[in-house]
Amino acid sequence: MRIERPPIITNPNTGKTSNQVYQNTSGRYMMVIADVNFEATLATDIAVITCQVDDTNPPVTPVAFSGIYSHSAGLMQIAQSLVFIVPPLYYWRLFENTFGSGAVGVSMISETLL
């Protein structure tokens, strides 16, 4: 007997944003990819984003993070992608934390059901 795996389904641009809680209601594991931009211009500026996943709302367990810390004056910019897995029925969010004039921008969040 051959068991067929359900097809992988990708939603390339969900329109979702950071600092909002979402739930994976699909019944399948979901891979989330977030394209993130960080900027800092002054000494001691900080910009961090934390991917949080949990079975309760709001999620608080960190599963991935990235950020920038400026230790001198002058424009610093970083762009990168963060990838994490959300189990079925779990909640997730991208939580921003900044200090000074540090800034975080999420340019796109995509979801792939595995």
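Residues numbered from 1 in each chain as written. Predicted model: local features only at pLDDT ≥ 70, side-chain atom pairs only at ≥ 80, totals over all residues. Heavy atoms only, no water.

1. Observations regarding the packing of aromatic side chains
Each aromatic ring pair is described using two quantities: the centre-to-centre distance and the angle formed by the ring planes.
Alright, step 1. Under the defined criterion, the tally for this structure stands at two aromatic pairs.
Alright, step 2. Between Tyr-22 and Trp-92, the aromatic rings sit 5.1 Å apart at their centres with planes inclined by 35°, giving tilted as the arrangement. Pair noted here: Tyr-22 is in strand E2 (residues 22-23) and Trp-92 is in strand E7 (residues 91-99), with a separation of 70 residues, a long-range link.
Alright, step 3. A residue is classified by how much of its surface remains accessible, and Tyr-22, at 17% relative accessible area, is buried.
Alright, step 4. Under the relative-accessibility criterion, Trp-92 is labelled buried at 0%.
Alright, step 5. Between the aromatic rings of Phe-84 and Trp-92, the centroid separation amounts to 5.8 Å while the plane-to-plane angle is 65°, which identifies the pairing as edge-to-face. Like Trp-92, Phe-84 is buried.
Alright, step 6. Every member of this aromatic cluster is reached through a ring pair, and the members are Tyr-22, Phe-84 and Trp-92. (Phe/Tyr/Trp six-rings, centres within 6.5 Å; stacked < 30°, edge-to-face > 60°. Helix = DSSP H or I, 4+ residues; strand = E, 2+ residues; numbered from the N terminus. Buried < 20%, exposed > 50% of the residue type's maximum accessible area, 1.4 Å probe, protein only.)

2. Looking at the sheet that holds strand E4 (residues 46-54)
Alright, step 1. The antiparallel open sheet is built from four strands, whose spatial order is E2-E7-E4-E5. Pairing within the sheet leaves two strands with one partner each, and these edge strands are E2 and strand E5 (62-69).
Alright, step 2. Across two bridges, the pairing between E2 and E7 is antiparallel. The residue bridging Tyr-22 from the neighbouring strand is Trp-92, located in E7. (Pairing = 2+ DSSP bridges.)

3. With respect to the nonpolar core
Alright, step 1. With 21 residues, the main nonpolar core has Phe-84, Trp-92 and Leu-94 as its most contacted residues.
Alright, step 2. Of all elements in the fold, only strand E3 (30-40), E4, E5, strand E6 (76-86), E7 and strand E8 (103-113) reach the threshold of two or more residues within this core.
Alright, step 3. At six residues, the largest contribution of residues to this core is made by E3.
Alright, step 4. Contact partners of Leu-94, with chain neighbours within four places excluded, come to Ser-18, Asn-19, Ala-34, Ile-49, Thr-50, Cys-51, Phe-84, Val-106 and Ile-109. (Core = buried A, V, L, I, M, F, W, Y, C linked by side-chain atoms within 4.5 Å. Contact = heavy atoms within 4.5 Å.)

4. Regarding the confidence of the model for the protein chain
Alright, step 1. In the predicted model, the protein chain carries a mean pLDDT of 88, and 92% of its residues have values of at least 70.
Alright, step 2. Between the elements of the protein chain, mean pLDDT differs from a low of 71, seen in strand E1 (residues 9-11), to a high of 96, seen in E2. (pLDDT = per-residue confidence, 0-100.)

5. Some remarks on the pairing of E7
Alright, step 1. Relative to E7, E4 runs antiparallel, the two being bridged by nine bridges. Opposite Ala-47, over in E7, you have Thr-98 as the bridge partner.

6. Digging into unusual backbone geometry
Negative phi values dominate among residues other than glycine, just as trans dominates among peptide bonds.
Alright, step 1. Cis geometry is found at the peptide bond from Asn-57 to Pro-58, where omega equals 5°.
Alright, step 2. Positionally, Pro-58 belongs in the loop between E4 and E5.
Alright, step 3. One non-glycine residue, Thr-44, lies in the positive phi region at around 75°.
Alright, step 4. If you trace the backbone, Thr-44 turns up in the loop between E3 and E4.
Alright, step 5. Look at Thr-44 and you get partly exposed, because its relative accessible area is 40%.
Alright, step 6. Residues other than glycine seldom take positive phi values, yet Leu-89 does so here, at roughly 70°.
Alright, step 7. Within the secondary structure layout, Leu-89 lies in the loop between E6 and E7.

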